[in-house]
2 protein chains.
Amino acid sequence: MHEIAIESQVLSDNALAAHHNREHFREHGVYVLNLMSGPGAGKTTLLERTIQSLRPRYRLAVIEGDVQGRTDADRIGRLGVEVRQINTGHACHLDARLVHRELDSLRLSDLDVLLIENVGNLVCPAEFDLGEHDKAMILSVTEGHDKPEKYPVMFHVARALVISKIDLLPYVDFDMERAKKQARALNLDLEIFPLSAKTGDGMDAFISWLESRITRVKGA
Amino acid sequence: MHEIAIESQVLSDNALAAHHNREHFREHGVYVLNLMSGPGAGKTTLLERTIQSLRPRYRLAVIEGDVQGRTDADRIGRLGVEVRQINTGHACHLDARLVHRELDSLRLSDLDVLLIENVGNLVCPAEFDLGEHDKAMILSVTEGHDKPEKYPVMFHVARALVISKIDLLPYVDFDMERAKKQARALNLDLEIFPLSAKTGDGMDAFISWLESRITRVKGA
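Residues numbered from 1 in each chain as written. Chains lettered and ligands numbered in written order. Predicted model: local features only at pLDDT ≥ 70, side-chain atom pairs only at ≥ 80, totals over all residues. Heavy atoms only, no water.

Draft legend 1. Seen up close, the layout of surface pockets. Roughly 1400 Å³ of internal volume is contained in the largest pocket. Forming the walls of the largest pocket are 48 residues, and the residues nearest its centre are A:Lys135, A:His156, A:Val157, B:Lys135 and B:Val157. Those elements giving two or more residues to the lining of the largest pocket turn out to be helix 2 (13–28), strand 5 (134–140), helix 7 (152–157) and helix 8 (176–186) of chain A together with helix 2 (13–28), strand 5 (134–140), helix 7 (152–157) and helix 8 (176–186) of chain B. Tallying contributions element by element places helix 2 of chain A first for the lining of the largest pocket, with five residues. In terms of residue class, the lining of the largest pocket is made up of 19 nonpolar, 11 polar and 18 charged. (1 Å grid on protein atoms, 1.4 Å probe; cavity = no way out; pocket = protein on both sides within 12 Å on 5 of 7 lines; lining within 4 Å. Points joined across faces, edges and corners; volume = space filled by probe spheres on them. Helix = DSSP H or I, 4+ residues; strand = E, 2+ residues; numbered from the N terminus. Nonpolar A, V, L, I, M, F, W, Y, C, P; charged D, E, K, R; others polar.)

Written out as structure tokens, the structure is:
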């Protein structure tokens, strides 16, 4: 008890809340992915494709983080999965407490996978652990290959990098090898998935990776 | 430039300093390990063994973090590698700024590997990114198998877990499978190395893993 008391005093509020979330996820065997990107990189479209691929085999729910509005939640809701909208108001990122408030109503015992779409922002969400198993980030080829240099923390904390909108590669000046190399320099374990959620090209590799992660949680 | 200015305002001071350190390490191709544990788990003994194993092939230096004193630095210095002692005074952990101050005098261009021994503490160091490539933590079998439950953040952020002092397993009540299972529940990618730095049993696997990580950095 003494050691736990010390930890409560010292850990940041968010780290403690993230730990509580993680306990809930572990108790119910729910795999949780925190999906992050700048605005317009294609998080919601990737989510739609991902839900369609996983839904035949897993019980899914989604948390949508936005500063305001519920456009994305409505899109995802049309796929027939449980969705919770979190509006952060002034905050540019989700935090573990905001996520925790939604967990009761989501009935974790009825879920296999929880997908969290963070606020569109390449900076702040990187520093807030939500209790997820993996952080995935999306960089679209239209944003440019220089982003690892500009947003190093996000590339450092992500477990997977989706390089999205590769159907637009012929029309933009995006150096795939340079982007990959610089991202890996920030993160030795980064898994990189170039794909187009629009055409479906490359989706299989990303879904296979997700399934391997889900299996690791369910099998643990 | 605009985006970088925003990031400077928003990221925590430590995240920014860690990023600067990471840039230095990347520029010079230096692999950096942040070694953490509670007091007396055997960090310095593991470091000594590790240095002996790696020194024939790599140019090494060590940063020793302690609240006060330089006992560990003196031990490591006797092995003939460069050592810098950081005394944190009132702080219970190293931070990225403290590490940054030592980098100039360490001449990174002459190094392959920098090993950082953090302050003996299973709580606070977990939340401070130093710019390292990997965090490794040590849990000794004499501390007990319940530590993943008590120190979840440390187990969550570590890339490798060394379970040390396995030569004492016959004399203590330590459930190895339970410790592994609970640690993996907090961290899907955790590499676990049961070993005795005293007898050398299990050291090979840990050293092989370190070499694979060094190779990834040097080959990037």
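Draft legend 2. Region of interest: the sheet that holds strand 7 (residues 191–194) of chain A. Residues and elements named next belong to chain A. Ordered in space as 3-2-4-1-5-6-7, the seven strands form an open sheet in which the pairing is parallel. Strand pairing shows two members of the sheet lacking a second neighbour, strand 3 (82–87) and strand 7, which therefore form its edges. Going from strand to strand, the sheet's axes swing by 20° on average, the running direction of each strand aside. Where strand 2 (residues 60–66) and strand 3 come together, six bridges link them in parallel fashion. (Pairing = 2+ DSSP bridges. Axes fitted to C-alpha atoms, helices over the stretch in contact; angles between N-to-C directions.)

Draft legend 3. How the structure looks around the relation of the copies chain B and chain A. Screw-axis analysis of chain B against chain A gives a translation of 0.0 Å along the axis, an RMSD of 0.0 Å, and a rotation angle of 180°. In short, the pair behaves as if placed about a two-fold rotation axis. Comparing interface residues between copies, 100% of those in chain B also sit at the interface in chain A, which points to an isologous, same-surface contact. (Least-squares fit on C-alpha atoms with pLDDT ≥ 70 in both. Contact = heavy atoms within 4.5 Å.)

Draft legend 4. Focus on the pairing of strand 6 (residues 160–164) of chain A. Residue and element names in this part refer to chain A. Within strand 6, five of the five residues are buried, which leaves the element mostly enclosed by the surrounding structure. The two faces of strand 6 match: Ala160, Val162 and Ser164 on one face and Leu161 and Ile163 on the other face are all buried. The pairing of strand 5 with strand 6 spans five bridges and is classified as parallel. Residue Ile138 lies in a different strand from strand 6, and its bridge partner there is Val162. (Buried < 20%, exposed > 50% of the residue type's maximum accessible area, 1.4 Å probe, protein only.)

Draft legend 5. View of empty space enclosed by the protein. All names here are of chain B. On inspection of all chains with the given rule, the structure shows one cavity of 30 Å³ or more. One number sums up the size of the largest cavity: a volume of about 30 Å³. Taken together, Leu33, Leu35, Leu46, Leu47, Thr50, Leu115, Phe206 and Leu210 make up the lining of the largest cavity. Of all elements in the fold, only strand 1 (31–37), helix 3 (43–54) and helix 9 (203–218) reach the threshold of two or more residues within the lining of the largest cavity. Take the lining of the largest cavity: its biggest share by element is three residues, from helix 3.

Draft legend 6. Seen up close, the interface of chain B and chain A. The partner chain A presents 34 residues to the 34 residues of chain B that form the contact. Of the roughly 3300 Å² buried between chain B and chain A, counting both surfaces, carbon and sulfur atoms make up 59%. On the surface where chain B and chain A come into contact, there are six salt bridges. B:Asp189 is the partner of A:Arg159 in a salt bridge, and the nearest nitrogen-oxygen pair spans 2.7 Å. (Buried area = accessible area lost by both parts, 1.4 Å probe. Salt bridge = Lys/Arg side-chain N within 4 Å of Asp/Glu carboxyl O.)

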